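Chain residues, written in single-letter form:
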Amino acid sequence: MSGNASSLIEEREALSLLEAAAEARTRAYIPYSGFAVGAALLDAEGGIHFGCNIENAAYGPTNCAERTALFSAVAAGRPPRSFRAIAVTADTAEPVTPCGTCRQVLAELCAPDMPVVLGTIRGPWRVTTVAELLPGAFSSAQLDEDRARKGGDRP
């Protein structure tokens, strides 16, 4: 079964990104959950930034694959909102979706219409967008509005 890439991302590019996400998944550090997730983020220059989930016994410091890829790209000097697409995959029956925290980070660092390829190493996949994953996302606009009401400047 394959997804419908429609006009968001070419099927060839989506499948290539899913393959890269599957490769990243093999690097996951998952001693507690055993649930490996991989992500591959495509930047504006065509570079791919890999992410995998990295767990911690304290759970709170655990980092998901999507955030690992995004943070890695930003740390490598890629500007927020310059990314072209991200793929996420796991060994699930249906395509895996980002958690709520990752959806918020995607909303902050990516364009609302950026394609998000959701997949499974078993084959099924589909394409959505950042905005579809988190409609009504909290953003800097709310912070700016609050500061403006208070007469403060943005840091």
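Refer to the structure presented above.
Caption draft 1: Summary view of the overall build of the chain. If you tally the helices and strands in the chain, you get 5 helices and 5 strands. Ordered by position in the sequence, the α and β elements of the chain form the string α-β-β-α-β-α-β-β-α-α. Relative to the globule expectation of 15 Å for 155 residues, the C-alpha radius of gyration of the chain, 16 Å, shows essentially globular dimensions. On the principal axes, the C-alpha backbone points of the chain span a range of 55 × 40 × 25 Å. Across the 155 residues in the chain, those meeting the buried criterion constitute 43%. Long-range contacts, defined as pairs at least 24 residues apart, comprise 63% of the intrachain contacts of the chain with a sequence gap of at least 6. Positive and negative side-chain charges in the chain, numbering 14 and 18 respectively, have mean positions lying 4 Å apart.

Caption draft 2: Molecular detail of the packing of aromatic side chains. Following the criterion strictly, the structure yields 1 aromatic pair and no others. One cation-aromatic arrangement involves Arg 27 over Phe 50; the distance from NZ or CZ to the ring centre is 5.0 Å.

Caption draft 3: Spatial organisation of the sheet that holds strand 2 (residues 48–52). In spatial order, the strands read 2-1-3-4-5; together these 5 strands make up an open sheet with mixed pairing. Looking at which strands have only one partner, the edges of the open sheet turn out to be strand 2 and strand 5 (125–129). Between one strand and the next, the sheet's axes are offset by a mean angle of 20°, whatever the strand orientation. Here strand 1 (residues 37–43) pairs with strand 3 (residues 83–90) via 7 bridges, running antiparallel. In the sheet register, Gly 38 faces strand 3, and the bridge partner there is Thr 89. Running over the sheet, helix 1 (residues 11–25) touches strand 1, strand 2, strand 3, strand 4 (115–120) and strand 5 and is turned about 55° from strand 3.

Caption draft 4: Inspection of helix 2 (residues 65–75) at higher detail. Where helix 2 is concerned, the buried positions are Ala 65, Glu 66, Arg 67, Thr 68, Ala 69, Leu 70 and Ala 73. In this structure, the buried residues of helix 2 make contact with strand 1, strand 2, strand 3 and helix 3 (100–109). After helix 2 finishes, the residue Gly 77 shows a positive phi value of roughly 100°.

Caption draft 5: Up close: the packing of helix 2 against helix 3. At their nearest, the axes of helix 2 and helix 3 sit 9 Å apart, and the two run at 30° to each other. Relative to helix 3, the element helix 2 is oriented roughly parallel. Crossing angle aside, the handedness with which helix 2 passes helix 3 is left-handed. Contacts from Glu 66, Arg 67, Leu 70, Phe 71 and Val 74 in helix 2 reach Thr 101, Cys 102, Val 105, Leu 106 and Leu 109 in helix 3. Of the residues contributing to the contact of helix 2 with helix 3, the split by class is 7 nonpolar, 1 polar and 2 charged.

Caption draft 6: Structural view of the environment of Gly 38. Along the chain, Gly 38 falls in strand 1. The exposure class assigned to Gly 38 is buried, which follows from its relative accessible area of 0%. Spatially, the C-alpha atoms of Gly 38 and Glu 66 are 7.6 Å apart, while their sequence positions differ by 28 residues. Not counting residues up to four positions away in its chain, the partners in contact with Gly 38 are Ala 21, Ala 24, Arg 25, Gly 51, Ala 65, Ala 87, Val 88 and Thr 89.

Caption draft 7: Representation of the pattern of salt bridges within the structure. If you walk through the whole model with that rule in mind, you get 10 salt bridges. Among the salt bridges present, the one from Asp 144 reaches Arg 147, with a minimum N-O distance of 3.5 Å. Of this pair, Asp 144 and Arg 147 both sit in helix 5 (residues 140–150), separated by 3 residues, roughly a single helical turn. Looking at Asp 144, the relative accessible area reads 29%, which means it is partly exposed. For Arg 147, a relative accessible area of 23% translates into the label partly exposed. The salt bridge partner of Glu 145 is Arg 149, with a shortest N-O separation of 3.5 Å. Linking Glu 145 with Arg 149, this pair stays in helix 5, spanning 4 residues, or about one helical turn. Each of the two residues, Glu 145 as well as Arg 149, counts as exposed.

Definitions and limits used
- Residues numbered from 1 in each chain as written.
- Predicted model: local features only at pLDDT ≥ 70, side-chain atom pairs only at ≥ 80, totals over all residues.
- Heavy atoms only, no water.
- Helix = DSSP H or I, 4+ residues; strand = E, 2+ residues; numbered from the N terminus.
- Rg over C-alpha atoms; globule rule 2.2 N^0.38 Å.
- Buried < 20%, exposed > 50% of the residue type's maximum accessible area, 1.4 Å probe, protein only.
- Contact = heavy atoms within 4.5 Å.
- Lys, Arg positive; Asp, Glu negative; His and termini not counted.
- Charge placed at Lys NZ, Arg CZ, Asp CG, Glu CD.
- Phe/Tyr/Trp six-rings, centres within 6.5 Å; stacked < 30°, edge-to-face > 60°.
- Lys NZ or Arg CZ within 6 Å of the ring centre and 35° of its normal.
- Pairing = 2+ DSSP bridges.
- Axes fitted to C-alpha atoms, helices over the stretch in contact; angles between N-to-C directions.
- Parallel < 35°, antiparallel > 145°, perpendicular 65-115°, else oblique.
- Left-handed = near helix turned anticlockwise from the far one by under 90°.
- Nonpolar A, V, L, I, M, F, W, Y, C, P; charged D, E, K, R; others polar.
- Salt bridge = Lys/Arg side-chain N within 4 Å of Asp/Glu carboxyl O.

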